[in-house]
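Listed below, chain by chain, are the residues.
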Amino acid sequence: MGIKLVVAVTDSDWFDYLRRQPQLDEVNFWAPSAANFKALQPGELFLFKLHAPRNVIVGGGVFAYANTLPCSLAWQAFGTANGAVSSQAMRHRILKYRRADPSDRSDFEIGCRILTQPFFLDESDWIPVPASWAPNIVSFKTYDTQEPDGLALWKAVQDRLQDRVGSAGFSEAGARYGAPHLVAPRLGQGAFRVLVTDSYRRRCAVTGEKTLPALEAAHIRPYSEGGSHEASNGLLLRRDLHSLFDAGYVTVTPEHRFLVSHRIKEEFDNGRHYYALHGQQIDGPPDLRQRPDPDALKWHNEERFNG
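These numbers come from a predicted model, not from an experiment. (Residues numbered from 1 in each chain as written. Predicted model: local features only at pLDDT ≥ 70, side-chain atom pairs only at ≥ 80, totals over all residues. Heavy atoms only, no water.)

Peer 1: I tried to follow the pattern of salt bridges on my own but got confused; where do I start?
Peer 2: A side chain with one charge can pair with a side chain of the opposite charge if their charged atoms come near. Enumeration according to the criterion identifies 13 salt bridges in this entry. Three or more residues joined by partner-sharing salt bridges are found here, namely Glu 109, Asp 198 and Arg 202. (Salt bridge = Lys/Arg side-chain N within 4 Å of Asp/Glu carboxyl O.)

Okay, here's the thing in structure tokens:
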């Protein structure tokens, strides 16, 4: 079975801005419309080419996840990894492609294709597009490594990354042309936030709150203390509950019960609304693989929560 690759036309400003940023671990390749993207599975390659007449592939990354997001959430999740210096600059560029009124202040949705392990090739390493690339393609084209053009693209990328072993995880030392394979995406903070938000169906796990700007993806075990950016290490919480969770005033048990510490009453002489939630069963993701890791919850119960 072959590995798929997508070659997508990039906004040149997006590319030029991002290739000057050091040590990026993820980028958001956005589309101005809220179109669904189902061309790749996680671990396949997403490559980007410049606008014609520069018909060359200039970089890429490991595809991790795609969905439509409000523009504000895309900025909050990825910041300058959206390829813009500010949220206003990002909105201006998107509005230009949408041919919308520049004064539009709505929180419109955009297509987000989240790439991890991004790479930006030096000009001397740019890859000509395959002969099968049609001049009228304005979005993207999918290739397969079971076909000659797809296999040639895979080998060309691996060849150019040979001197960057480990940077994108495509090749191994001593193997100039490894067999095409899925590359495990190393999720960053932005991808974690989006994945957790979607896995909980954009609802607070405790209260069911659906006001998206009020929701945040909480690490159960902090990344700085050995936690991962995986969905199973996350909870989608209302912002105030996230703050309390991080500070150890509330927790979630391995049995998925929400507990509230007596410290809120003792220290703040308050908390009636929080105690009303004590003992409540949280609403976990429908996908069992994305549900909270019991070991991570146990860690929070024992190491962070002060009941």
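Peer 1: It is not clear to me how the side chain of Arg 93 should be interpreted in this structure. Could you clarify?
Peer 2: With respect to the helices, strands and loops of the structure, Arg 93 is situated in helix H3 (residues 87-98). If sequence neighbours within four positions are ignored, Arg 93 has contacts with Asp 11, Asp 13, Trp 14, Trp 30 and Gly 83. (Helix = DSSP H or I, 4+ residues; strand = E, 2+ residues; numbered from the N terminus. Contact = heavy atoms within 4.5 Å.)

Peer 1: Looking at this model, I keep getting lost on the confidence of the model for the protein. Mind explaining?
Peer 2: The predicted structure's coordinates, where accompanied by low pLDDT, should not be read in detail. In this model, the protein carries a mean pLDDT of 92, and residues with pLDDT of at least 70 account for 95%. Across residues 165-169 the pLDDT falls below 50, and counting only partners more than four positions away or on other chains, this stretch makes twelve contacts in the model. This model gives residues 171-176 a pLDDT under 50, and the stretch forms twelve contacts once residues within four places in sequence are excluded. (pLDDT = per-residue confidence, 0-100.)

Peer 1: I would appreciate a short explanation of the packing of helix H2 (residues 71-78) against helix H5 (residues 189-199) in the present structure.
Peer 2: A packed helix pair is summarised by two numbers, namely the angle formed by the two axes and the spacing between the axes. For the pair H2 and H5, the least separation of the axes is 7 Å and the interaxial angle reads 135°. Taken together, the axis directions place H2 and H5 in an arrangement best described as oblique. Contacts between H2 and H5 involve Leu 73, Gln 76, Ala 77 and Phe 78 from the former and Gly 190, Ala 191, Arg 193, Val 194 and Thr 197 from the latter. Of the residues that constitute the contact of H2 with H5, the class distribution is five nonpolar, three polar and one charged. (Axes fitted to C-alpha atoms, helices over the stretch in contact; angles between N-to-C directions. Parallel < 35°, antiparallel > 145°, perpendicular 65-115°, else oblique. Nonpolar A, V, L, I, M, F, W, Y, C, P; charged D, E, K, R; others polar.)

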